[in-house]
Structures are given as structure tokens and as C-alpha cells.
Amino acid sequence: MARQELHPDESDRVGELLRWLAERAHEMHLLGDGAVRIGFLRCHEAEVPDVLRVESGQVGWPA
């Protein structure tokens, strides 16, 4: 677990890291649809974090 404040301009680099991690995830971490739940993202104002998923090489960033 890591806590870090990310600047929006750095989201591409973070996405590269998340995709790299997902490619190396053990099969026990794969979800039924083949996606990998890679972590959580919580904006400062939010009380509940959003799940970060990587599916087919794409990061599912929360809206």
C-alpha cells in the first residue's frame, strides 16, 4: 500500500506502472472477466475509494 498525491499530468506514467504490475499478477488475482483489480484511488474529498482495474491492457480510471 502506498499513499501518494498524484498530479493529473502524471497519470500516464502511473498507468504504465499499473499495466506493468497487472501483466505480472498471479492468476489467482484475475477476476472472472480477466481484469486485475490493481488497487484503489481516493480523491481527497471522497469518503470511499474507487477500485482501479486493468483490463485488456487499459487502466479503468474512476470517472
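See above for the structure.
Below or above, wherever it landed, is the structure these notes cover. Just so it is clear, the structure is predicted and the values come from calculations on it, not from any experiment.

Moving on to helix α1 (residues 11-23). A rise of 1.5 Å per residue sets the reference length of α1, with its 13 residues, at 18 Å; its end C-alpha atoms lie 18 Å apart and thus fit the reference within 8%. Within α1 the residues assigned to the buried category are V14, G15, L18 and A22. Angularly, the buried residues of α1 cover 105° about the axis, an arc narrow enough to put them on a single face. Those residues of α1 that are exposed and angled more than 90 degrees off the buried face are D12, R13 and E23. Against the buried residues of α1 lie β1 (36-41), β2 (50-55) and β3 (58-60).

Before going further, it helps to examine the pattern of salt bridges. It is possible for side chains bearing opposite charge to pair when their charged atoms get close. Tallied over the entire structure, the rule returns four salt bridges. With its nearest N and O atoms 3.2 Å apart, the salt bridge here joins R53 to E55. Judged by its relative accessible area of 26%, R53 falls in the partly exposed class. What makes E55 partly exposed here is its relative accessible area of 35%. Through salt bridges with shared partners, one network takes in D33, R53 and E55.

This part is about the environment of L41. Along the chain, the position of L41 falls in strand β1. With 21 residues separating them in the primary sequence, L41 and P62 have C-alpha atoms 7.8 Å apart.

Let's shift gears to a nonpolar patch on the surface. On the surface, L17, W20 and L21 cluster together into a nonpolar patch covering about 290 Å² of accessible area. Its location among the elements puts L21 in helix α1. Relative accessible area serves as the criterion here: at 36%, L21 is assigned to the partly exposed category.

A few words now on the nonpolar core. One finds V14, L18, A22, V36, L52, V54 and V59 forming the largest nonpolar core, which totals seven residues. Of all the secondary-structure elements, those providing two or more residues to this core are α1 and β2. Considering every element that reaches this core, the biggest residue donor is α1, with three residues.

The rules behind these values
Residues numbered from 1 in each chain as written. Predicted model: local features only at pLDDT ≥ 70, side-chain atom pairs only at ≥ 80, totals over all residues. Heavy atoms only, no water. Helix = DSSP H or I, 4+ residues; strand = E, 2+ residues; numbered from the N terminus. Expected span 1.5 Å × (residues − 1). Buried < 20%, exposed > 50% of the residue type's maximum accessible area, 1.4 Å probe, protein only. Arc of directions from axis to C-beta. Contact = heavy atoms within 4.5 Å. Salt bridge = Lys/Arg side-chain N within 4 Å of Asp/Glu carboxyl O. Patch = residues over 30% accessible without salt bridge, like charges linked within 9 Å, V, L, I, M, F, W, Y side chains within 5 Å. Areas by Shrake-Rupley, 256 points an atom, 1.4 Å probe, with all protein chains shown as cover. Core = buried A, V, L, I, M, F, W, Y, C linked by side-chain atoms within 4.5 Å.

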